Amino acid sequence: MGADGHTGAGPFTGWVPAGRVGRAHGLEGGFYVTGARPRLLGVGAKLRIGERTLPIVRRAGVPERPIVHVEGVEDRSAAEALRGLDLWVSSAEVLALEEGEYWAHELEGCVLFDGARRLGRVVGLVELPSCEALEVLTEEGEELLVPMVRDAIRGIDTGGRRIEIDSGFLGDAWR
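The model shown is predicted, which means the values in this text are computed figures rather than measured ones. (Residues numbered from 1 in each chain as written. Predicted model: local features only at pLDDT ≥ 70, side-chain atom pairs only at ≥ 80, totals over all residues. Heavy atoms only, no water.)

A. Layout of the overall build of the chain. Counting secondary structure elements, the chain contains two helices and twelve strands. When the elements of the chain are put in sequence order from the N terminus, they spell out β-β-β-β-β-α-β-α-β-β-β-β-β-β. Going through the 175 residues of the chain one by one, you find that 43% of them count as buried. Excluding contacts between residues fewer than 6 apart, the proportion of contacts in the chain whose partners are at least 24 apart in sequence is 51%. (Helix = DSSP H or I, 4+ residues; strand = E, 2+ residues; numbered from the N terminus. Buried < 20%, exposed > 50% of the residue type's maximum accessible area, 1.4 Å probe, protein only. Contact = heavy atoms within 4.5 Å.)

Okay, here's the thing in structure tokens:
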């Protein structure tokens, strides 16, 4: 339904968050990506890092902990200098999602309702073995997971920042 999460829609119109530069890896300018969205980090993708836009020239690691090499970052100290910066991919380069799929940043901040009853706010998206789930901070300050399955989700309006759920499907957590 979505993509693994990085917070916020960000300061750049037309850009999608792809992760954050983590610690350097090796001596040749590679770095780990934290909060990675692996679908966005393919070789050739152009990343906005700070004020620069740099193409990915090599990718290694695993989807949960990708290691990326970008053009112009040739050594460990150059990679360390980028540490902590957000990574962005142009929305024009992003593969179109299928009907009913959403990026994590589109869902974060949406308010959950069951009819007129406000239940909480989405703070993240979590990949579980069987499905993805909304990470929700309830009105009472509790953290709950809402599975992104048809039985639980009635409707999603990203423009209106509203997600309609069937709280009865979720049992006693919402009573």
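B. Quick look at unusual backbone geometry. One non-glycine residue, R161, adopts positive backbone phi at about 60°. Residue placement: R161 occurs in the loop between β11 (153-157) and β12 (162-165). You can call R161 partly exposed: its relative accessible area is 31%.

C. Region of the structure containing the confidence of the model for the chain. On average, residues of the chain score 85 in pLDDT, and 87% of them are at 70 or above. Low pLDDT (under 50) marks residues 1-10, which in the prediction has 42 contacts with non-local residues, meaning those over four places away or in another chain. (pLDDT = per-residue confidence, 0-100.)

D. View of the sheet that holds strand β7 (residues 111-114). One open sheet holds the six strands; their spatial order is β10-β9-β8-β7-β12-β11, and the pairing between them is mixed. Each of the sheet's edge strands pairs with one partner strand only, and the pair in question is β10 (143-147) and β11. Direction aside, the axes of adjacent strands within the sheet are offset by 35° on average. Bridge analysis of strand β9 (residues 132-138) against β10 gives five bridges, and the strand direction is antiparallel. Counted as the bridge partner of V136 is L144 from β10. (Pairing = 2+ DSSP bridges. Axes fitted to C-alpha atoms, helices over the stretch in contact; angles between N-to-C directions.)

E. Layout of the pattern of salt bridges. Under the defined criterion, the tally for this structure stands at eight salt bridges. Among the ionic pairs, R20 bridges to D86, the shortest N-O distance being 2.8 Å. Here R20 is found in strand β1 (residues 15-25), whereas its partner D86 is found in strand β6 (residues 86-90), with 66 residues between them in sequence. Judged by its relative accessible area of 33%, R20 falls in the partly exposed class. The residue R83 makes a salt bridge to E80 at a minimum N-O spacing of 3.6 Å. Taking relative accessible area as the criterion, R83 reaches 47% and is therefore assigned partly exposed. What you see here is one network of salt bridges that share partners, running through D114, R154, R162, E164 and D166. (Salt bridge = Lys/Arg side-chain N within 4 Å of Asp/Glu carboxyl O.)

F. Geometry of the nonpolar core. Ranked by internal contacts, the top residues of the largest apolar core, which has 22 residues, are F31, L47, I49, V70 and L87. When residues of this core are traced back to their parent elements, those giving at least two are β1, β2 (30-34), β3 (46-49), β4 (52-62), β5 (65-70), α1 (76-82) and β6. Considering each element in turn, this core owes the most residues, four residues, to β1. Each residue touching I49, except ones within four places of it in the same chain, is listed here: V21, F31, L54, V70, L82, L85, D86 and L87. Core analysis: the second largest hydrophobic core is formed by 17 residues, V122, A152, I163 and L170 among them. (Core = buried A, V, L, I, M, F, W, Y, C linked by side-chain atoms within 4.5 Å.)

G. Quick peek at the side chain of S167. Relative to the assigned elements, S167 resides in the segment after β12. By relative accessible area, which is 6% here, S167 ends up buried.

H. Structural view of the sheet that holds β6. Read around the barrel, six strands follow the order β1-β2-β5-β4-β3-β6 and close on themselves; strand pairing throughout is antiparallel. The average undirected angle you get between the axes of adjacent strands in this sheet is 50°. One ladder, built from four bridges, connects β3 with β4; its direction is antiparallel. The partner of L47 across the bridge, within β4, is L54.

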